[in-house]
Each structure stands twice: as structure tokens, then as C-alpha cells.
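Architecture and fold: a report
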Amino acid sequence: MNHWLFKTEPGCFSFDDLKNRPSMTEHWDGVRNFQARNLLRDEVKVGDLVLFYHSSIPEPAVVGIAEVVREGYPDFTAMDPNAEHFDPKSSVENPIWFMVDVRYVETLPRQVTLERIKANPLLAAMPLVGRSRLSIQPVSAEEWRIILAMGGLEPR
DNA sequence: GCCAACGTTGGC
DNA sequence: GCCAACGTTGGC
């Protein structure tokens, strides 16, 4: 079982949006970066746990945990001319972009802000800290444990 | 709103 | 295959 960090702009799609879905699940669509695509297509598996990160806001932070409930399948929004992230090069025969489905698991009692993450030397290796713009990032078992503890949760 | 980082595109 | 131009991300 692997751990991940998924970035989203809460104005676009937030952790509360996920929680408030009747099924508490949602497609993670719209990823249009090859490195992130490769992770979604090949590495992210059912049962993997995800740190849900809010970016592009005054206080960027990890706000909760989600679980992968469906793995790597073609992102159909890439084939929809009316969708925001339509890509004419993608087709049913040759899908370029992939997505997974995630389900709400738990809200962190205390948000783990980027500021706190940067202040912790044990988290210095996270791509998040190094100005990476990667929207799907691997998280080590130790980083996972530390961030949950910083968020006020027991290890899981 | 600025700007640094960095991924993508396209001319050669 | 190089690299300059360009576009996007995302913290500040």
C-alpha cells in the first residue's frame, strides 16, 4: 500500500466537496501533466491513501485523507470538447490522460500548513517543499506518519 | 499581481 | 536532439 499527496485548488474542487458527495467519491480528472499521468496510470492503486492538499490559497495545507477506490482509467473529460481540459489528441482508442477515483476518509483535526511542513526538517525531501509543481506526489511511510501526527491523528 | 520554477512546443 | 520561447503553476 502506497501513500500519495494530491493537490487541488479548493475553489475548483475542495475536500468538503468530496465529503459532501452523496457517495463521498469523485473522479480525480483534469490532470494534464505527463509525470502525474504516469503515476495515476501505473502506480496509484486501490486502497492507497492520499493526503488531500489545498493549493493557491493564502494558507496552503494538507486538510484530510482520501482513499483510492478505482485505479487508472482514461480521463473522459479529455475527450469532451466542452470540458475545461479537453485535449483533441486524446481519443477512446488512444487515451492520453488518466484518472483515479477517490473516497473521503477523514478530516484532519488540525490542518498541516505548508509553513509547518517546511519548518519540519524530516519533511524536507517532500517534492512539495522543493517548489515542485507536480500535482500527484509520492509520500513515504515516514512522511505519512509525521504529517498525520502533525494533523492530530493517530497513525493508521 | 508578481515572478521563479519548470514543463511543453516547435524551429532548426 | 538542442534550446529558445512560451505557458502554467503556485507561493508569496
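See the structure shown above.
Anyway, here's the lowdown on the structure attached to this text. (Residues numbered from 1 in each chain as written. Chains lettered and ligands numbered in written order. Predicted model: local features only at pLDDT ≥ 70, side-chain atom pairs only at ≥ 80, totals over all residues. Heavy atoms only, no water.)

1. What about the sheet that holds strand 4 (residues 61–74)?
In plain terms, the rule: Whether two strands pair comes down to DSSP finding at least two bridges between them. Counting from the N terminus, the helices are the DSSP runs of H or I reaching at least four residues and the strands are the DSSP runs of E reaching at least two. Convention adopted: a line fitted to C-alpha atoms gives each axis, helices being fitted over their contacting stretch, and angles between N-to-C directions are expressed from 0 to 180 degrees. Should any heavy atoms of two residues lie within 4.5 Å, those residues are considered in contact.
One open sheet accounts for six strands, arranged 2-5-4-3-1-6; its pairing is mixed. The open sheet terminates on both sides in strands that have one partner only, identified here as strand 2 (25–27) and strand 6 (136–139). Strand-to-strand twist of the sheet, defined as the mean angle between neighbouring strand axes without regard to direction, takes the value 35°. For strand 1 (residues 3–8) and strand 3 (residues 49–54), the ladder comprises six bridges, and the chain directions are parallel. For Leu 5, the partnering residue across the bridge sits in strand 3 and is Leu 51. Here helix 4 (residues 141–150) sits on the sheet and contacts strand 1, strand 3, strand 4, strand 5 (98–113) and strand 6; the angle it forms with strand 3, its principal contact strand, is near 55°.

2. Examining unusual backbone geometry
Look at Met 24: it is not a glycine, yet its phi comes out positive at around 60°. Notably, Ser 56 is not glycine yet its phi reads approximately 55°, a positive angle.

3. Quick word on the protein's contact with DNA strand C
To be explicit about the condition: If a single non-hydrogen atom of a residue is within 4 Å of a molecule or strand, that residue counts as near it. Whenever a nitrogen or oxygen atom comes within 3.5 Å of another N or O atom, the pair is scored as a polar contact, on the condition that within protein one atom can donate a hydrogen and the other can accept it, and that pairs from neighbouring residues in sequence are kept only if both atoms are in side chains. When residues are grouped by polarity, Ala, Val, Leu, Ile, Met, Phe, Trp, Tyr, Cys and Pro land in nonpolar, Asp, Glu, Lys and Arg in charged, and all others, Gly among them, in polar.
Surrounding DNA strand C, one finds Lys 7, Tyr 53, Ser 55, Ser 56, Pro 60, Leu 114, Lys 118 and Arg 133. Each atom of DNA strand C within 4 Å of the protein was classed as base or backbone; sugar and phosphate made up 76%. The contact in question runs from a phosphate oxygen of DNA strand C to an N or O atom on the side chain of Lys 7, over 2.7 Å. Within the side chain of Lys 118, a nitrogen or oxygen atom sits 2.6 Å from a phosphate oxygen of DNA strand C. Of the residues assigned to the surface near DNA strand C, the class counts are three nonpolar, two polar and three charged.

4. Things to note about the protein's contact with DNA strand B
The local shell around DNA strand B consists of Asn 33, Phe 34, Arg 131 and Arg 133. In DNA strand B, atoms within 4 Å of the protein come from the sugar-phosphate backbone in 75% of cases. The backbone of Phe 34 places a nitrogen or oxygen atom 3.4 Å from a phosphate oxygen of DNA strand B. At a separation of 2.8 Å, a base oxygen of DNA strand B approaches a polar side-chain atom of Arg 133.

5. Section: the pattern of salt bridges
Inclusion rule: Salt bridge, as applied in this entry: a Lys or Arg side-chain nitrogen positioned within 4 Å of an Asp or Glu carboxyl oxygen.
Scanning the model with the defined rule gives six salt bridges in all. The partner of Glu 71 in a salt bridge is Lys 45, with the nearest N and O atoms 4.0 Å apart. In this pair, Glu 71 sits in strand 4 while Lys 45 sits in the loop between helix 2 (34–43) and strand 3, placing the two residues 26 residues apart along the sequence.

6. A closer look at the layout of surface pockets
Formally: A pocket, in this scheme, is an open set of points on a 1 Å grid over the protein atoms alone with protein on both sides within 12 Å along at least 5 of 7 lines, while a cavity is a set where a 1.4 Å probe fits but cannot get out; residues line either one if an atom lies within 4 Å of a point. Grid points are joined across faces, edges and corners, and a volume is the space filled by probe spheres set on the points.
In this structure, the largest pocket occupies an estimated 1000 Å³ of space. Surrounding the largest pocket, 32 residues form its lining, Lys 7, Thr 8, Glu 9, Ser 55 and Ser 135 being those nearest its centre. At the level of secondary structure, the elements contributing two or more residues to the lining of the largest pocket comprise strand 1, strand 2 and helix 3 (114–119). Broken down by class, the residue content of the lining of the largest pocket amounts to eleven nonpolar, eleven polar and ten charged.

Shape is all these values report; function is a separate question.
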